[in-house]
Number of protein chains: 2
Amino acid sequence: MSPRQAAPVLLVALGGNALIQKGQQGTIEEQFANLREPIAQIARLSQRHRVIITHGNGPQVGNLLLQQECCQDVPRLPLEILVAQTQGQIGYMIESSLDNQFMALGLEVFKPLVSLISYVVVDRHDPAFANPDKPIGPVLSDEQAAGAPYPVMRTAKGWRRVVASPQPISIVEKREIKRLIGMDFIVICCGGGGISVVRQGRHFAGVDAVIDKDLASSRLGLEVGVDIFCMATDVPGAALDFGQPGERVLDSLSLAQARRHLDEGQFHAGSMGPKVRAALMFLEGGGKSALICSTSQIEAALAGKAGTQFVP
Amino acid sequence: MSPRQAAPVLLVALGGNALIQKGQQGTIEEQFANLREPIAQIARLSQRHRVIITHGNGPQVGNLLLQQECCQDVPRLPLEILVAQTQGQIGYMIESSLDNQFMALGLEVFKPLVSLISYVVVDRHDPAFANPDKPIGPVLSDEQAAGAPYPVMRTAKGWRRVVASPQPISIVEKREIKRLIGMDFIVICCGGGGISVVRQGRHFAGVDAVIDKDLASSRLGLEVGVDIFCMATDVPGAALDFGQPGERVLDSLSLAQARRHLDEGQFHAGSMGPKVRAALMFLEGGGKSALICSTSQIEAALAGKAGTQFVP
């Protein structure tokens, strides 16, 4: 291998705030503007790392679901197809933002860059399918909820559709992604946690489910041999007593500490919990380095000056 | 290069009917069922060819536009983003159909397979921008047309939005695609003719335009070194006096004949015209073989037993 090919492999999992921030409506101008800061950092980091980028898609898939509810003239598409649509949308936005950053920064190395559609195998017997609990799409009226052709649940915001959130078993394109990073391509993939499919005999079939994007990224990281797994989100790191007066961000967490705080319920199910679990899964599976940081501090976190570092 | 890497490069440009056929509503079940026949042929052909697949997206992008018209609660997305969404959707459908065909056929060689988001540079001074004439999206009422925030035109179906259809200059991901087919990856790309972008100084910026997918495929074919350029559509080949009593499908066409029939108006602007022009552009640019056939006769056409063969 050439020295460049031996550069460490960095996986950055971009949280939803890299595209739409709190209080924003989510116009396309806002989304491109929000991407600029994290993507500029990733462009610079790509000079010393091989890079994989994954991303969330919650608000984007929510908007597509809302449009389906509004518009009865168009055949409804299953969730797997909407996730595929958001992979196209966000993959394009990240790829073109990276292209633009490469040009703006005048970087020496202009690496090959691809955004891949990705699907992820889940187990049809995953207990999540018996108990769908991940809210997606718009808030429904009582009437809509009563007549909905899918499972619904009353959440803090009101009635919402819920789908299963099963564990990722394997990324279908792992061979391809591994070869691409071996050739120092920058790869954008596993958007929204990947399109969920199950094996049915000799076929793949899409299922109504969403996979947590940090868990999918962790699985991808192990399958393709990522060295550094960085989850970039809208807070500076994992914190104890989050949102309370005594809140304190943790600089580092051993695996034992992380597991204990998880068990104590320190990390919320819908936000930091899956990130800490994804870090644990990655390190226990043989990964070397995992961290959680804000989207504005990716470079600082990689230099050990920000974020929460997980210590094996 | 190994013998396998030296296999001829086949580009199949799939027409819209490979996904939605005349008279169909376009449910997801219909789209997957329609893909089966062309994709099974491509899976078999991939055993002796390196393969690139491109595809149309007219009805799919039309549905997304219709949903945007219906649903005022969601921020409108520009056309470039809708095209990106259809690349995600259709890329996933083609890729998973191919995966399933590989498994079903028990083929010996299970090639690496990727579906890429692709964007295509157009010239901001292309005359098409001064005269947008490509109808997209739903038929509009007189009232909607009068208040539309975009150009509209009265078509045979009624008022519709029109956008520019500029010439493709270059496929941004051409280096990546060339390296991937060099390694015998099957590559799905340039969906819907690609996402249209213009260069603005050191940046790419999306534009409201659609690129003809056959012309984009022809350009891609020349840029990455395709040997055989096959346009698969809903008719058996290019025909003289199309739709009239004396209609006859042409087995072969020399470049001079093709150009003469084009000039005579034998090939309609919205259908066969761009395909014949794409074939001419490919062969005049140095391509070796171009053909037009039905989606059910791709293998027969490659064997010289169906379709219209262009003879340099």
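A few points on the structure.

About the criteria used
Throughout, residues of each chain are indexed from 1 in the direction in which the sequence is written. Chain letters start at A and ligand numbers start at 1, both assigned in the order the entries are written. Note on the predicted model: pLDDT of at least 70 is required for a residue's local features to be given, and 80 or more for side-chain atom pairs to be given and counted; whole-chain, interface and lining totals, by contrast, use all residues. As a rule here, side-chain values cover all heavy atoms of the structure and leave hydrogens and water aside. Only strands joined by at least two bridges in the DSSP assignment are considered to pair. Secondary structure elements follow DSSP: runs of H or I of four or more residues count as helices, runs of E of two or more count as strands, with numbering from the N terminus. Each axis is a line fitted through C-alpha atoms, and for a helix only the stretch in contact is used; angles between axes span 0 to 180 degrees, taken between their N-to-C directions. Whether two residues are in contact is decided by their heavy atoms, any of which lying within 4.5 Å being enough. The term buried area means the drop in 1.4 Å probe accessible area that two parts suffer when joined, counted for both and summed. Polar contacts, as counted here, are pairs of nitrogen or oxygen atoms within 3.5 Å of one another; within protein the pair requires one atom able to donate a hydrogen and one able to accept it, and residues that are adjacent in sequence qualify only if both atoms are side-chain atoms. Any residue outside Ala, Val, Leu, Ile, Met, Phe, Trp, Tyr, Cys, Pro, Asp, Glu, Lys and Arg is labelled polar, Gly included; the first ten of those are nonpolar and the last four are charged. Note on aromatic contacts: the rings of Phe and Tyr and the six-membered ring of Trp form a pair at centre separations within 6.5 Å, being stacked when their planes are under 30 degrees apart, edge-to-face when over 60 apart, and tilted otherwise. Accessible area is worked out with a 1.4 Å probe on protein chains only. A residue is then buried under 20% of its type maximum, exposed over 50%, and partly exposed in between. Overlaid copies result from least-squares superposition on C-alpha atoms, with residues included only where pLDDT is at least 70 in both. Put simply, a salt bridge is a Lys or Arg side-chain nitrogen that is within 4 Å of an Asp or Glu carboxyl oxygen. For any helix crossing, the convention is left-handed if the near helix is rotated counterclockwise from the far helix by under a right angle, and right-handed if that rotation is clockwise. In this description, the arc belongs to the directions extending from the helix axis to the C-beta atoms.

**Re the sheet that holds strand β3 (residues 113-115) of chain A**
Residues and elements named next belong to chain A. As summarised here, the arrangement of the eight strands in space is β3-β9-β2-β1-β12-β16-β17-β15, forming an open sheet in which the pairing is mixed. Bordering the open sheet on either side are β3 and β15 (252-254), each of which pairs with just one other strand. Between one strand axis and the next, the sheet turns by 15° as a mean value, whatever way the strands run. Across three bridges, the pairing between β3 and strand β9 (residues 186-188) is parallel. Residue L113 lies in a different strand from β9, and its bridge partner there is I186. Its contacts with the sheet put helix α7 (residues 255-263) on β15 and β17 (308-311), and the angle it makes with β15 is roughly 90°. Lying on the sheet, helix α8 (residues 272-284) is in contact with β12 (228-233), β16 (289-294) and β17; it crosses β16 at an angle near 160°.

**Overview of the interface of chain B and chain A**
Between chain B and chain A, the contact holds 56 residues from the first and 56 residues from the second. Counting each side, the surface lost to burial between chain B and chain A is near 4900 Å², with a carbon and sulfur contribution of 62%. Counting every contact that joins chain B to chain A gives 14 residue pairs in polar contact (both at pLDDT 80 or more). Sorting the residues of the side of chain B that touches chain A by element identifies α1 (28-45), α2 (58-70), α3 (79-105), β3 (113-115), α5 (174-182), β10 (195-200) and β11 (203-206) of chain B as the ones contributing at least two each. With 14 residues, the single largest contributor to the side of chain B that touches chain A is α3(B). Of the residues assigned to the side of chain B that touches chain A, the class counts are 30 nonpolar, 15 polar and 11 charged.

**Notes on the packing of aromatic side chains**
If you walk through the whole model with that rule in mind, you get eight aromatic pairs over all chains. Relative to Y92(A), the ring of F32(A) lies with its centre 6.4 Å away and its plane at 90°, an arrangement referred to as edge-to-face. Of this pair, F32(A) sits in helix α1 (residues 28-45) while Y92(A) sits in helix α3 (residues 79-105), and the two are 60 residues apart along the sequence. The exposure class assigned to F32(A) is partly exposed, which follows from its relative accessible area of 23%. For Y92(A), a relative accessible area of 1% gives the class buried. Ring plane angle 80° and centroid distance 5.4 Å describe the contact between Y92(A) and Y119(B), whose orientation is recorded as edge-to-face.

**A short note on unusual backbone geometry**
Of note in this structure, D184(A) is not a glycine but carries a positive phi near 65°. On the accessibility criterion, D184(A) (7% relative accessible area) is buried.

**Here's the deal with the environment of L222(B)**
Residue and element names in this part refer to chain B. By the secondary structure assignment, L222 is in helix α6 (residues 213-224). The partly exposed category is assigned to L222, whose relative accessible area is 25%. Spatially, the C-alpha atoms of L222 and R161 are 32 Å apart, while their sequence positions differ by 61 residues. When near neighbours in sequence (up to four residues on either side) are disregarded, L222 contacts M281, F282, G285, G286 and G287.

**Details of the relation of the copies chain B and chain A**
Overlay of chain B on chain A (RMSD 0.0 Å): rotation 180°, translation along the axis 0.0 Å. Both copies of the chain, as the preceding transformation shows, are related through a two-fold rotation axis. Residue by residue, 100% of the interface of chain B is reproduced at the interface of chain A, so both copies engage with the same surface.

**Considering the pattern of salt bridges**
Across all of its chains, the model carries 24 salt bridges over all chains by this definition. When the shortest N-O distance is used, the salt bridge between R44(B) and E299(B) registers 2.9 Å. Here E299(B) lies in helix α9 (residues 298-302) and R44(B) lies in helix α1, a separation of 255 residues in the sequence. E299(B) sits in the partly exposed class, given a relative accessible area of 25%. For the salt bridge of D227(B) with K288(B), the shortest nitrogen-to-oxygen distance reads 2.7 Å. Here the residue D227(B) occupies a position in the loop between α6 and β12 (228-233), and K288(B) occupies one in the loop between α8 (272-284) and β16 (289-294), the gap between them amounting to 61 residues. For D227(B), a relative accessible area of 15% corresponds to the buried category. A cluster of three or more residues bridged by salt bridges with shared partners is formed by K213(A), D214(A) and K275(A).

**Overview of the packing of α7(A) against α8(A)**
All names here are of chain A. Where α7 contacts α8, the two axes come as close as 10 Å, and the packing angle between them is 145°. Between α7 and α8 lies a crossing whose hand is left-handed. Contacts from L255, A258, R259 and L262 of α7 reach α8 at G273, V276, R277, L280, L283 and E284. Its residues placed into classes, the contact of α7 with α8 shows six nonpolar, one polar and three charged.

**A look at the packing of helix α5 (residues 174-182) of chain A against helix α6 (residues 213-224) of chain A**
Residue and element names in this part refer to chain A. Packing of α5 against α6 brings their axes to within 9 Å, and their N-to-C directions diverge by 65°. The way α5 lies across α6 gives a crossing that is right-handed. When α5 is examined against α6, the residues K174, I177, K178 and I181 are found in contact with a partner set consisting of L220, E223 and V224. Across the contact of α5 with α6, the residue classes tally to four nonpolar, no polar and three charged.

**Considering α7(A)**
Residue and element names in this part refer to chain A. By the burial criterion, the buried members of α7 are L255, A258, H261 and L262. Each buried residue of α7 sits inside an arc of 130° when the element is viewed along its axis, so together they form one side. Within α7, the exposed residues directed more than 90 degrees away from the buried face are A256 and D263. Buried-residue contacts for α7 involve β13 (239-240), β15, α8 and β17. Positive phi appears at G265, one or two residues downstream of α7, with a value of about 80°.

**Concerning the sheet that holds strand β4 (residues 119-121) of chain B**
Residues and elements named next belong to chain B. Reading across from one edge, β8-β4-β10-β11 is the order of the four strands in this open sheet, with mixed pairing throughout. Looking at strand neighbours, the two that pair on one side only are β8 (170-171) and β11, the edges of this open sheet. Relative to β11, β10 runs antiparallel, the two being bridged by four bridges. Bridging across to β11, Q200 finds its partner in H203.

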